Amino acid sequence: MSFLEHLDELRKRIVSSLLGVCVGVLVSFAFINQIVNFLLTPTRRVLPAGSRMIYTQPGEAFGLYIQVSLIAGVVLAAPWIMWQVWLFIAPGLYQNEKKLALPFVAMSTIGFVAGTLVNHYITFPFMMTFFASFNNQDLVFMPRLEDVFDLYSKMLLGMGLVFQMPTIVYFLAKMRMVTAKFLLRHFKYAFLIIFIIAAVITPTGDMVTQTIFAAPMVGLYILSIFIAWIVHPRQEQ
């Protein structure tokens, strides 16, 4: 394919992905109240007794509902989006590599969903508990609705991307570009790079949030070593 043909193919895949997101948004908007309550539960649990979240702008709450429906639509459309990504890169692969389409879509989708669940049930509640620990007789923790959700959405996206690491390593190992021995030998460099990446993608500048992002990445890197080790013997056979 020529350069212009690649651009045209990219345009088609982007349009198809956006159509899938639109369908996801319409579906999620039908259950918007349940979704918003679910997303705000970790914050409500750490609020002091008698305290509530607040919003200070007239359209802030309505804007939140729109943002939630957009994010939920992207999550629902994730398998379709991953399939469009695969269709874009598949023409540049060999025939045996194209057989990896189904594992690619399945693993990338599972990884993204796993990242969002870890964010909702572990990392975000832990971080909100830390921030709420400064509540005392002189300070009252009353977070603004938009600020809470902005932080939540950034962490959601960040964790979803972080949990793609095993998928990436799996396919790199399948293509014989990395091995378990290579990943293990460069663990100390990966450890440093992980904390640098965590510092870049961390929504706030504190060390606690950075560590919350870095810890799952270190665990996923170790998991990736085992994945590469499992794939490599099969490749040798």
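The structure this text deals with has already been given above.
Residues numbered from 1 in each chain as written. Predicted model: local features only at pLDDT ≥ 70, side-chain atom pairs only at ≥ 80, totals over all residues. Heavy atoms only, no water.

J.: Sorry if this is basic, but what is going on with the pattern of salt bridges here?
T.: Opposite charge on two side chains permits pairing when their charged atoms draw close. Taken as a whole and assessed by the stated rule, the structure comprises seven salt bridges. We note a salt bridge from K12 to D8, for which the minimum N-O separation is 3.6 Å. Of this pair, K12 and D8 both sit in helix α1 (residues 3-29), four residues apart, which is roughly one turn of that helix. Given the relative accessible area of 32%, D8 is considered partly exposed. R144 is paired through a salt bridge with E60; the nearest N and O atoms lie 3.1 Å apart. (Salt bridge = Lys/Arg side-chain N within 4 Å of Asp/Glu carboxyl O. Helix = DSSP H or I, 4+ residues; strand = E, 2+ residues; numbered from the N terminus. Buried < 20%, exposed > 50% of the residue type's maximum accessible area, 1.4 Å probe, protein only.)

J.: Whenever I open this one, the packing of aromatic side chains confuses me. Can you help?
T.: Applying the stated criterion to the full structure yields nine aromatic pairs. Their ring planes at 70° and their centres at 6.2 Å tell us that F38 and Y121 sit as a pair that is edge-to-face. With a gap of 83 residues between them, F38 in helix α2 (residues 32-46) and Y121 in helix α6 (residues 101-132) connect regions that are remote in the sequence. Measuring from ring centre to ring centre gives 5.7 Å for F187 and Y221, while their planes differ by 50°; the resulting arrangement is tilted. In this pair, F187 sits in helix α10 (residues 187-201) while Y221 sits in helix α11 (residues 207-236), placing the two residues 34 residues apart along the sequence. On the basis of relative accessibility, which here comes to 28%, the residue F187 falls in the partly exposed class. Judged by its relative accessible area of 10%, Y221 falls in the buried class. (Phe/Tyr/Trp six-rings, centres within 6.5 Å; stacked < 30°, edge-to-face > 60°.)

J.: Before we go on, may I ask you to explain helix α3 (residues 60-76) in this structure?
T.: Each α-helix winds once per 3.6 residues, and so residues spaced three or four apart point in a common direction. Taking 1.5 Å per residue, 17 residues should reach 24 Å; α3 reaches 24 Å between its end C-alpha atoms and fits that length. Every buried residue of α3 is listed here: E60, A61, L64, V68, S69, A72 and G73. Its buried side turned inward, α3 meets α1, α2 and α7 (145-162). (Expected span 1.5 Å × (residues − 1). Contact = heavy atoms within 4.5 Å.)

J.: Would you take a moment to explain the packing of helix α4 (residues 78-89) against α6 for this structure?
T.: Describing two packed helices takes the angle between their axes plus the distance from one axis to the other. In contact at an axis separation of 9 Å, α4 and α6 are set at 140° when each is read in the N-to-C sense. Considered as vectors, α4 and α6 are oriented oblique to each other. Crossing handedness for the pair α4 and α6: right-handed. Side by side, α4 and α6 meet where A78, P79, M82, W83, V85 and W86 of the first sit next to A101, F104, V105, S108 and T109 of the second. Looking at side-chain class alone, the contact of α4 with α6 contains nine nonpolar, two polar and no charged residues. (Axes fitted to C-alpha atoms, helices over the stretch in contact; angles between N-to-C directions. Parallel < 35°, antiparallel > 145°, perpendicular 65-115°, else oblique. Left-handed = near helix turned anticlockwise from the far one by under 90°. Nonpolar A, V, L, I, M, F, W, Y, C, P; charged D, E, K, R; others polar.)

J.: Is there a simple way to think about the side chain of H120 in this case?
T.: Assignment of secondary structure puts H120 in helix α6. Within the structure, H120 has its side chain in polar contact with the side chain of Y152 (distance 2.9 Å). With residues up to four places along the chain from it excluded, the contact list for H120 reads F38, L39, P42, P125 and Y152. (Polar contact = N/O pair within 3.5 Å; in protein donor to acceptor, adjacent residues only side chain to side chain.)

J.: How should α4 be read in this particular structure?
T.: Along its 12 residues, α4 runs 17 Å from first to last C-alpha, staying within 8% of the 16 Å computed at 1.5 Å per residue. Among the residues of α4, those classed as buried are A78, I81, Q84 and W86.

J.: What am I meant to see in the environment of L161 here?
T.: Within the secondary structure, L161 sits in helix α7. Between the C-alpha atom of L161 and that of L220, which follows or precedes it by 59 residues, the distance is 12 Å.

J.: Before we go on, may I ask you to explain the nonpolar core in this structure?
T.: Generally speaking, soluble globular proteins have nonpolar side chains that are buried together. Residues V68, F124, M155 and Y221 are the most contacted members of the largest nonpolar core, which totals 53 residues. Residue assignment for this core shows that the elements contributing at least two residues are α2, α3, α6, α7, α8 (165-174), α9 (180-185), α10 and α11. Take this core: its biggest share by element is 11 residues, from α11. Ignoring sequence-local partners within four residues, the contact set of V68 consists of I32, I35, V36, L39 and F149. (Core = buried A, V, L, I, M, F, W, Y, C linked by side-chain atoms within 4.5 Å.)

J.: Even after reading the chapter, I still don't get the environment of Q164, so can you show me in this structure?
T.: Residue position: Q164 is located in the loop between α7 and α8. In this structure, the C-alpha to C-alpha distance between Q164 and G115, residues 49 residues apart in sequence, is 8.5 Å. Apart from residues lying up to four places away in sequence, Q164 is in contact with S108, G111 and F112.

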